[in-house]
Amino acid sequence: MKIRNILAEGRPTLSFEVFPPKTEDAYDSVERAASEIARLKPSFMSVTYGAGGGTSDYTVEIASAIKERYQVTPLAHLTCVSSTREKVHGVLEELKAKGIENVLALRGDIPKDGKTPEVYHYASELIREIKEAGDFCIGAACYPEGHVESANKSIDMDYLKEKVEAGCDFVTTQMFFDNSILYSYLYRIREKGITVPVIAGIMPVTNAKQIKRIVQMSGTCMPSRFMSIVDKFGDNPAAMKQAGIAYATDQIIDLLANGVNGIHVYSMNKPDVARKIQENLSEILA
């Protein structure tokens, strides 16, 4: 099923993200985690993509297994900045062959050495090619606090508008920890004429060591209320996990109460975290 049709139903959706293994010997454990999350019957599941080989080889395989074994709609990520046109279209042909209709089109991270094939520079270029390549439902990323490489938030919204005009059907936000940031962002993009559905990306922080990496990668704001939780429970893994799930649940409840119906959880291949969040929302999502 196409995700744009799922969203058009107007009901709250809860989806989860999984990522493929970095090495072949880790495949079985990742496949088990993906299977356990799929058994929760989320609205859909996204499967990330590591450009340049490695995890990219497993994206289609795991997405296909989710679809065929558990009848859960998969969303296959596809990044382009480190890929050739032949590689991108090869993956699109694989997706077609497996009956996978949904693609999350991303530029991807620039390699540390800065070397890329110089074929793709922006996600909007990839979106146009996917649109021409077949009847896919196309998602894209958006950044409520601005992309770390953008000069300012206004320019970042211009790039988002280019993605929408190129043909994306919905967007999913980068993680954020203060809902007021999203509400302000939604107002500003609607004022700019961007009307596609926006799915809120939520990261349950279950380990205090995640914080440094999250800030480095995304530059996201960590509100004082959240940092108080980390300061209090960060040295107690069990308590931090429980508190992190509770904080994410509280975020989601507030979003749903304020009309944000699409919730995407960056579950980090942790079925227990996905399950607990779903349980916490069982009556709210019923």
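Everything here concerns the structure above.
Summarised in this report is the structure supplied together with it. (Residues numbered from 1 in each chain as written. Predicted model: local features only at pLDDT ≥ 70, side-chain atom pairs only at ≥ 80, totals over all residues. Heavy atoms only, no water.)

1. So, the environment of Leu186
- Assignment of secondary structure puts Leu186 in helix H7 (residues 179-191).
- In this structure Leu186 touches Val198 and Val260, once residues within four positions along its chain are discounted. (Helix = DSSP H or I, 4+ residues; strand = E, 2+ residues; numbered from the N terminus. Contact = heavy atoms within 4.5 Å.)

2. Some remarks on the packing of helix H5 (residues 123-133) against helix H6 (residues 153-166)
- Where H5 contacts H6, the two axes come as close as 8 Å, and the packing angle between them is 5°. With respect to H6, the axis of H5 lies roughly parallel. Residues Ala123, Ser124, Ile127, Arg128 and Lys131 of H5 lie in contact with H6, whose contacting residues are Glu162, Lys163 and Ala166.
- Classifying every residue of the contact of H5 with H6 gives three nonpolar, one polar and four charged. (Axes fitted to C-alpha atoms, helices over the stretch in contact; angles between N-to-C directions. Parallel < 35°, antiparallel > 145°, perpendicular 65-115°, else oblique. Nonpolar A, V, L, I, M, F, W, Y, C, P; charged D, E, K, R; others polar.)

3. Remarks on a nonpolar patch on the surface
- A cluster of nonpolar side chains, contributed by Tyr122, Ile155 and Tyr159, occupies part of the molecular surface with about 260 Å² of accessible area.
- Following the sequence through the fold, Tyr122 ends up in the loop between strand S4 (102-106) and H5.
- Classification of Tyr122 by relative accessible area gives partly exposed; the value is 42%. (Patch = residues over 30% accessible without salt bridge, like charges linked within 9 Å, V, L, I, M, F, W, Y side chains within 5 Å. Areas by Shrake-Rupley, 256 points an atom, 1.4 Å probe, with all protein chains shown as cover. Salt bridge = Lys/Arg side-chain N within 4 Å of Asp/Glu carboxyl O. Buried < 20%, exposed > 50% of the residue type's maximum accessible area, 1.4 Å probe, protein only.)

4. Brief notes about the side chain of Glu145
- Tracing the backbone through its elements, the reader meets Glu145 in the loop between strand S5 (137-142) and H6.
- One buried charged residue, Glu145, forms no salt bridge at all, with the nearest opposite charge on Lys153 at 6.7 Å.
- At 2.5 Å, the side chain of Glu145 and the side chain of Thr220 are in polar contact.
- Among residues more than four places away in sequence, those in contact with Glu145 are Lys153, Met175, Phe176, Ile181, Gly219, Thr220 and Cys221. (Lys, Arg positive; Asp, Glu negative; His and termini not counted. Polar contact = N/O pair within 3.5 Å; in protein donor to acceptor, adjacent residues only side chain to side chain.)

5. Here we look at the packing of aromatic side chains
- Throughout the structure, instances matching the rule amount to four aromatic pairs.
- Aromatic side chains Tyr122 and Tyr159 sit 5.6 Å apart centroid to centroid with 25° between the ring planes, which places their arrangement in the stacked category. Remark: Tyr159 occurs in helix H6 and Tyr122 occurs in the loop between S4 and H5; sequence separation between them is 37 residues.
- Relative to Tyr247, the ring of Phe226 has its centre 5.0 Å away and its plane inclined at 65°; by these criteria the two rings are edge-to-face. (Phe/Tyr/Trp six-rings, centres within 6.5 Å; stacked < 30°, edge-to-face > 60°.)

6. Remarks on the nonpolar core
- Counting 66 residues, the largest nonpolar core has Leu78, Leu92, Leu95, Ile130 and Ile263 as its most contacted members.
- The dominant element in this core, judged by the number of residues it contributes, is helix H3 (residues 56-70), at six residues.
- Once you skip the residues sitting within four places of it in the chain, Leu78 turns out to touch Tyr49, Val88, Val91, Leu92, Val103, Leu104, Ala105, Leu106, Leu126 and Ile130.
- Listed in part, the 14 residues of the second largest apolar core include Met175, Met203, Val205 and Tyr266. (Core = buried A, V, L, I, M, F, W, Y, C linked by side-chain atoms within 4.5 Å.)

7. Looking at the state of the cysteines
- Taken as a whole and judged by the stated rule, the model has zero disulfides.
- No disulfide involves Cys80; its sulfur sits 14 Å from the nearest other cysteine sulfur, which is in Cys168.
- For Cys168, which is in no disulfide, the shortest distance to another cysteine sulfur is to Cys142 and amounts to 9.0 Å. (Disulfide = S-S within 2.5 Å.)

8. Considering the pattern of salt bridges
- With the rule as written, the count across this model stands at 14 salt bridges.
- Here Arg4 ties to Asp135 by a salt bridge, and the two come within 3.8 Å at their closest N and O atoms. Within this pair, whereas Arg4 is found in helix H1 (residues 3-8), its partner Asp135 is found in the loop between H5 and S5, the two being separated by 131 residues in sequence.
- Classification of Arg4 by relative accessible area gives partly exposed; the value is 27%.
- You can call Asp135 exposed: its relative accessible area is 57%.
- When the shortest N-O distance is used, the salt bridge between Arg69 and Glu31 registers 2.4 Å. A residue pair is termed long-range when its members are at least 10 positions apart, and Arg69 in helix H3 and Glu31 in helix H2 (residues 27-38) qualify at 38 residues.
- Classification of Glu31 as buried rests on a relative accessible area of 16%.
- Sharing partners across several salt bridges, the network here consists of Lys2, Arg4, Glu101, Asp135 and Asp169.

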